[in-house]
Amino acid sequence: MTLTKELRWKDLTKEEKQVAVSCGRLANPEDFNFHRVAGELFACDDESAWIATVPVEYSEKYPDEYFGFNDDEDASVSASCLIPITTDQELTEESICRDYLGIDPKHVSDFTVGV
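## Focus on the overall build of the protein chain
And then number 1: Helix and strand counts for the protein chain stand at two helices and four strands.
And then number 2: When its helices and strands are written in sequence order, the protein chain yields α-β-β-β-α-β.
And then number 3: Restricting the contact set of the protein chain to residue pairs at least 6 apart, pairs at least 24 apart contribute 66%.
And then number 4: Within the structure as shown, the protein chain displays about 7000 Å² of accessible surface, and the carbon and sulfur contribution to it stands at 45%.

## Details of helix α2 (residues 93-101)
And then number 1: Buried residues of α2: S95, I96, C97, Y100 and L101, and no others.
And then number 2: Of the surrounding secondary structure, the elements contacted by the buried residues of α2 are β1 (34-37), β2 (40-54), β3 (75-84) and β4 (110-114).
And then number 3: Just downstream of α2, G102 is the residue with a positive phi angle, here 75 degrees.

## Regarding the nonpolar core
And then number 1: Within the largest apolar cluster, 18 residues are counted, with the highest numbers of intra-cluster contacts made by W50, L82, Y100, L101, I103 and F111.
And then number 2: Breaking this core down by element, the ones donating at least two residues are β2, β3 and α2.
And then number 3: Ranked by residue count, the leading element in this core is β2, at five residues.
And then number 4: Those residues within four positions of L82 in sequence are excluded, and the remaining contacts are H35, V37, F42, A43, C44, W50, L91 and Y100.
And then number 5: Counting ten residues, the second largest nonpolar core, distinct from the first, contains W9, L26, L41 and A43.

## Focus: the confidence of the model for the protein chain
And then number 1: In this model, the protein chain carries an average pLDDT of 84, and 90% of its residues clear a pLDDT of 70 or more.
And then number 2: Predicted confidence in the protein chain is weakest over β1, with a mean pLDDT of 84, and strongest over helix α1 (residues 14-22), with 93.

## Brief notes about the pattern of salt bridges
And then number 1: Inspection of every chain in the model, using the stated rule, returns six salt bridges.
And then number 2: In this structure, R8 engages E6 in a salt bridge whose closest nitrogen and oxygen atoms are separated by 3.7 Å.
And then number 3: Accessibility expressed as a relative area gives 43% for R8, which makes it partly exposed.
And then number 4: When its relative accessible area of 39% is taken as the criterion, E6 is described as partly exposed.
And then number 5: A salt bridge links E94 to R98; the nearest nitrogen and oxygen atoms lie 3.0 Å apart. Separated by four residues within a single helix, E94 and R98 lie in helix α2, roughly one turn from each other.
And then number 6: With a relative accessible area of 47%, E94 lands in the partly exposed category.
And then number 7: Classification of R98 by relative accessible area gives partly exposed; the value is 38%.

## A look at the packing of aromatic side chains
And then number 1: Under the counting rule described, the total for this entry stands at two aromatic pairs.
And then number 2: With centroids separated by 6.2 Å and ring planes inclined at 45 degrees, the aromatic side chains of W9 and F34 adopt a geometry described as tilted. Of this pair, W9 sits in the segment before α1 while F34 is found in strand β1, placing the two residues 25 residues apart along the sequence. Each member of the pair, W9 as well as F34, carries the same accessibility label: buried.
And then number 3: Seen from their ring centres, W50 and Y100 are 5.8 Å apart, and the 85 degrees between their planes marks the pair as edge-to-face.

The rules behind each value
All residue numbers refer to positions counted from 1 along the written sequence of the respective chain. At least 70 in pLDDT is required for a residue's local features to be given in this predicted model, at least 80 for side-chain atom pairs to be given and counted, and no such filter applies to totals for whole chains, interfaces and linings, which use all residues. No hydrogens and no water enter the side-chain calculation; it runs on all heavy atoms of the structure. Secondary structure counts use DSSP, requiring at least four H or I residues in a row for a helix and at least two E residues in a row for a strand, with both numbered from the N terminus. Note on definitions: a residue-residue contact is assigned when non-hydrogen atoms from the two residues lie within 4.5 Å. Surface accessibility follows the Shrake-Rupley procedure with a 1.4 Å probe radius. Residue values consider only the protein chains on display as shielding. Each residue is assigned to one of three classes by its accessible area relative to the maximum for its type, calculated with a 1.4 Å probe on protein chains only: buried under 20%, partly exposed between the two thresholds, exposed over 50%. Here, nonpolar core refers to any group of buried Ala, Val, Leu, Ile, Met, Phe, Trp, Tyr and Cys residues whose side-chain atoms link them within 4.5 Å. For every residue, the predictor reports its confidence as pLDDT, a number between 0 and 100. A side-chain nitrogen of Lys or Arg and a carboxyl oxygen of Asp or Glu constitute a salt bridge if their distance falls within 4 Å. Think of it this way: a Phe, Tyr or Trp ring, Trp meaning its six-membered ring, pairs with another when their centres are within 6.5 Å, and the plane angle makes it stacked under 30 degrees, edge-to-face over 60, tilted otherwise.

So, in structure tokens, the structure goes:
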């Protein structure tokens, strides 16, 4: 239910590639996957993930996230952490849930970063 499309290096505009190289946050920008969130460009950090726990009472609202889980278990929805490229602003827990994971932040019982 992610609201962003994963992009590869070849999918970026010339300007976005220049910013990704010059920002100094990525050792080899060509090796990263990217996402656009709220109009800004972010690189995927495949070494860490955001994990949102959604209680079972919301399972009908997020059927894709509950696929394969027991009816009586909370779901853990995870995605790679994002490194800001075209902005200096870090994503908030609320914007990660809403804009990246596609989950209403009010429906999250726990939010963690896993490495």
